[in-house]
Amino acid sequence: MKVGISAWSYRWLFGNGKMTYAAFLDEVKRRKADSFEIFPGFLDDERVAAQVKRIAKKAKRLRLGISSLIVCNDFARPAATERAEQVERMKRFIDAAADAGIRRLNTFTGYHVDGQDPTMECMRVIDAYREAMPLAERRKVLLCIENHSSVCRDADSLLWLIRAVGSPALRTNPDPTN
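It should be emphasised that the depicted structure is a prediction, and the values quoted were computed from it without experimental measurement.

Rules used throughout
- Residues numbered from 1 in each chain as written.
- Predicted model: local features only at pLDDT ≥ 70, side-chain atom pairs only at ≥ 80, totals over all residues.
- Heavy atoms only, no water.
- Helix = DSSP H or I, 4+ residues; strand = E, 2+ residues; numbered from the N terminus.
- Buried < 20%, exposed > 50% of the residue type's maximum accessible area, 1.4 Å probe, protein only.
- Contact = heavy atoms within 4.5 Å.
- Patch = residues over 30% accessible without salt bridge, like charges linked within 9 Å, V, L, I, M, F, W, Y side chains within 5 Å.
- Areas by Shrake-Rupley, 256 points an atom, 1.4 Å probe, with all protein chains shown as cover.
- Salt bridge = Lys/Arg side-chain N within 4 Å of Asp/Glu carboxyl O.
- Axes fitted to C-alpha atoms, helices over the stretch in contact; angles between N-to-C directions.
- Parallel < 35°, antiparallel > 145°, perpendicular 65-115°, else oblique.
- Left-handed = near helix turned anticlockwise from the far one by under 90°.
- Nonpolar A, V, L, I, M, F, W, Y, C, P; charged D, E, K, R; others polar.
- Right-handed = clockwise from strand over helix to strand, strands pointing away.
- 1 Å grid on protein atoms, 1.4 Å probe; cavity = no way out; pocket = protein on both sides within 12 Å on 5 of 7 lines; lining within 4 Å.
- Points joined across faces, edges and corners; volume = space filled by probe spheres on them.

1. Examining the side chain of threonine 107
Checked against the element boundaries, threonine 107 lands in strand β4 (residues 104-107). Assessed through its relative accessible area of 0%, threonine 107 is described here as buried. When residues no more than four places from it in sequence are discounted, the contact partners of threonine 107 are Val71, Asn73, Met90, Tyr129, Leu143, Cys144, Ile145 and Glu146.

2. Notes on a nonpolar patch on the surface
Taken together, the side chains of Met120, Met123 and Trp160 present a nonpolar region at the surface, about 290 Å² in accessible area. Summarising the element assignment, tryptophan 160 is placed in helix α6 (residues 155-165).

3. Structural notes on the packing of helix α4 (residues 80-99) against helix α5 (residues 118-139)
Where α4 meets α5, the axes come as close as 10 Å, and the angle between the chain directions of the two elements is 25 degrees. Here α4 is positioned roughly parallel relative to α5, judged by the angle of their axes. The way α4 lies across α5 gives a crossing that is right-handed. Mapping the contact onto sequence places Arg83, Val87, Glu88, Met90, Lys91, Ile94, Asp95, Ala98 and Asp99 in α4 and Arg124, Ala128, Tyr129, Glu131, Ala132, Leu135, Ala136 and Arg139 in α5. In terms of residue class, the contact of α4 with α5 is made up of 9 nonpolar, no polar and 8 charged.

4. A short note on the pairing of strand β2 (residues 35-38)
Residue alternation in β2 divides its side chains into two sets, Ser35 and Glu37 and Phe36 and Ile38, and both sets are buried. Traced from β2 through helix α3 (residues 48-61) to strand β3 (residues 65-70), the parallel crossover comes out right-handed.

5. Description of the pattern of salt bridges
Going through the model one piece at a time under the given rule, you end up with 11 salt bridges. Linked by salt bridges that have partners in common, Glu27, Arg30 and Arg31 make up one network.

6. Some points on the environment of glutamate 46
Within the secondary structure layout, glutamate 46 lies in the loop between β2 and α3. As for glutamate 46 and leucine 64, which are separated by 18 residues in sequence, their C-alpha atoms are 25 Å apart.

7. Thoughts on the layout of surface pockets
The method is simple in principle: a probe with the dimensions of a water molecule rolls over the atoms, and the space it marks as empty is what remains. Space inside the largest pocket adds up to approximately 300 Å³. Along the wall of the largest pocket there are 15 residues; nearest its centre are Ser6, Trp8, Glu37, Ile70 and Glu146. Counting residues per element, the ones that place at least two in the lining of the largest pocket are β1 (4-6) and β3. Looking at the lining of the largest pocket, the element that brings in the most residues is β1, giving 3 residues. Per-class residue counts for the lining of the largest pocket are 6 nonpolar, 6 polar and 3 charged.

Spelled out as structure tokens, the structure:
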């Protein structure tokens, strides 16, 4: 069995400035884990590619794997401009992951907004993933949807969504704690 540690588990230390990614990787190694997950809340969104490359370089030196880079996307947003920004952000993360040798992104669907039609929200999510998937396929990066969001949250809904998008690079990452 391989063990990985998520940066999210150290959010209180990152949040109060007592942990950096460099120190986190040292902690992962100290705990004898095999890999780790990168949480974007502790990265600068404008410099994500450079930061992920730097993290990957240190991980390689420490002989640690990177299980995934989390995106924290929300493709269900009602405003088309906001969804377009989310798609472009996803594409930046796909490129950053591929350039750093990371082959999996943990992704979300989106969050239900009161007053919005849940079926329409699902359609927005499908459209957004269809826009991002050609790049993911070309860059050989798997997008693994976690059941973290409130749109298409259960297993049947996620499978329906994956089939509707129709890309071999779109998978699921079930999290029993969500």
